[in-house]
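# Descriptive structure summary
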Amino acid sequence: MSKRFDLSKYSPWIASIGLFVVWEVVVRGLRVPDYILPTPSASLLAGWTFRGAIWMHALQTLLTTLAGFAIAVVFGVVLGALVGSSRAIYSAANPILIGFNSVPKVAVVPILVMWFGIGTVPAVFTAFLISFFPIVVNVATGLATLEPELRDVLRSLGASRLDILLKVGFPRALPFFFASLKVSVTLAFVGSVMSETVASNVGMGYLMMSASSKFNMPLVFAGLLVIAAMGVAMYGIFSIVERRSTRWAMRGAPTA
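All chains use their own residue numbering, which begins from 1 and follows the written sequence. Given that this is a predicted model, residues contribute local features only at a pLDDT of at least 70 and side-chain atom pairs are listed and counted only at 80 or more, while totals for whole chains, interfaces and linings are drawn from all residues. Based on all heavy atoms of the structure, the side-chain values leave hydrogens and waters out of the count.

### Quick notes on the nonpolar core
In a soluble, globular protein the nonpolar side chains are often hidden away together inside. Convention followed: Think of a nonpolar core as a cluster: buried Ala, Val, Leu, Ile, Met, Phe, Trp, Tyr and Cys residues, connected wherever their side-chain atoms sit within 4.5 Å. Per-residue accessibility, obtained with a 1.4 Å probe over protein chains only, is compared with the maximum for each type, and a residue is labelled buried under 20%, exposed over 50%, and partly exposed between these values. Helix and strand definitions follow DSSP, with helices as H or I runs of at least four residues and strands as E runs of at least two, each counted in order from the N terminus. Residues are treated as being in contact if the distance between any of their heavy atoms lies within 4.5 Å.
By size, the foremost hydrophobic cluster in this structure holds 44 residues, and its most contacted members are Phe 69, Ile 135, Phe 177 and Leu 181. At the level of elements, helix H1 (7-30), helix H3 (51-85), helix H4 (87-102), helix H6 (120-144), helix H8 (161-199), helix H9 (204-213) and helix H10 (217-245) are the ones that each hand at least two residues to this core. Here this core gets 10 residues from one element, more than from any other, and that element is H6. Excluding residues that lie within four positions of it along the chain, Ile 135 makes contacts with Ala 72, Val 73, Gly 76, Val 77, Phe 177, Ser 180, Leu 181 and Ser 184.

Structure follows, in structure tokens:
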């Protein structure tokens, strides 16, 4: 007996290929010059032609993003645990966090350059600054949703505040935590590339700025496609980890 064809399993590939086909047909049909909007085929050809440079700069951006993201995870979990476990800390920290997140991070990059100079360090800090807020909010929300009745029952059974936090609070907050990771890792790419375009001599941001100054738009779009592919890959990795770690919370939900 043959297996039933599952369209949802292949729909991401179908949608992506369809997007590229429409893009190719529209650009060719309207005869748009490459220096304004290149076709996907021209972008892929440029990516293959400059594959050595793209590989070097993409690896730099990936390592920079992961470094900033790792720092954001550590700080986000610790701060989220503090904010979510104490109403007083939540009231004190909430306006500060909202105000900090409202500041455009591109305005912070020149300050980081003044402090640390041009290079990798400002990109790491920018990736951290732009990605840690969703982690803090989601971890704090996950811990704050623990029912007061459950807390009272656990305390009556002799559980300490730390026991409740580690054995009940954090497991209950895992779906919120992994949801924030998937959002934050994509934001980390935005932060690192944004800093590389302003204050770096290596990375995908620098490569695209250099290509755009020479009106090499196919290479610019090739860089954008590489960044998008890295973001999708990291999102997919965390989706797999999420499904395996929080299977109990995803019953009946469609798989990512």
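From this point, the discussion proceeds with the structure in view.
### Concerning the pattern of salt bridges
Formally: Counted as salt bridges are all cases of a side-chain nitrogen of Lys or Arg within 4 Å of a carboxyl oxygen of Asp or Glu.
Taken as a whole and judged by the stated rule, the model has two salt bridges. One salt bridge in this structure joins Arg 28 and Glu 24, with 2.6 Å as the shortest N-O distance. Of the two residues, Arg 28 and Glu 24 are both situated in helix H1; the distance of four residues between them amounts to about one turn of the helix. With a shortest N-O distance of 2.7 Å, Glu 242 and Lys 182 are connected by a salt bridge. Within this pair, whereas Glu 242 is found in helix H10, its partner Lys 182 is found in helix H8, the two being separated by 60 residues in sequence. Each member of the pair, Glu 242 together with Lys 182, is buried.

### Quick word on the packing of H4 against H6
Put simply, the rule reads: Interaxial angle, 0 to 180 degrees, is taken between N-to-C directions of lines fitted to C-alpha atoms, where a helix line uses only the stretch in contact. Two helices that cross are described as forming a left-handed crossing if the nearer one is turned anticlockwise from the farther one by less than a right angle, and a right-handed crossing if clockwise. Basically, the charged four are Asp, Glu, Lys and Arg, the nonpolar ten are Ala, Val, Leu, Ile, Met, Phe, Trp, Tyr, Cys and Pro, and anything else, Gly included, counts as polar.
Interhelical geometry of H4 versus H6 gives an angle of 145° and a closest axis separation of 10 Å. The hand of the H4/H6 crossing is left-handed. Facing Leu 97, Ile 98, Phe 100 and Asn 101 of H4, the residues of H6 in contact are Leu 129, Phe 132, Phe 133 and Val 136. Taken together, the residues of the contact of H4 with H6 sort by class into seven nonpolar, one polar and no charged.

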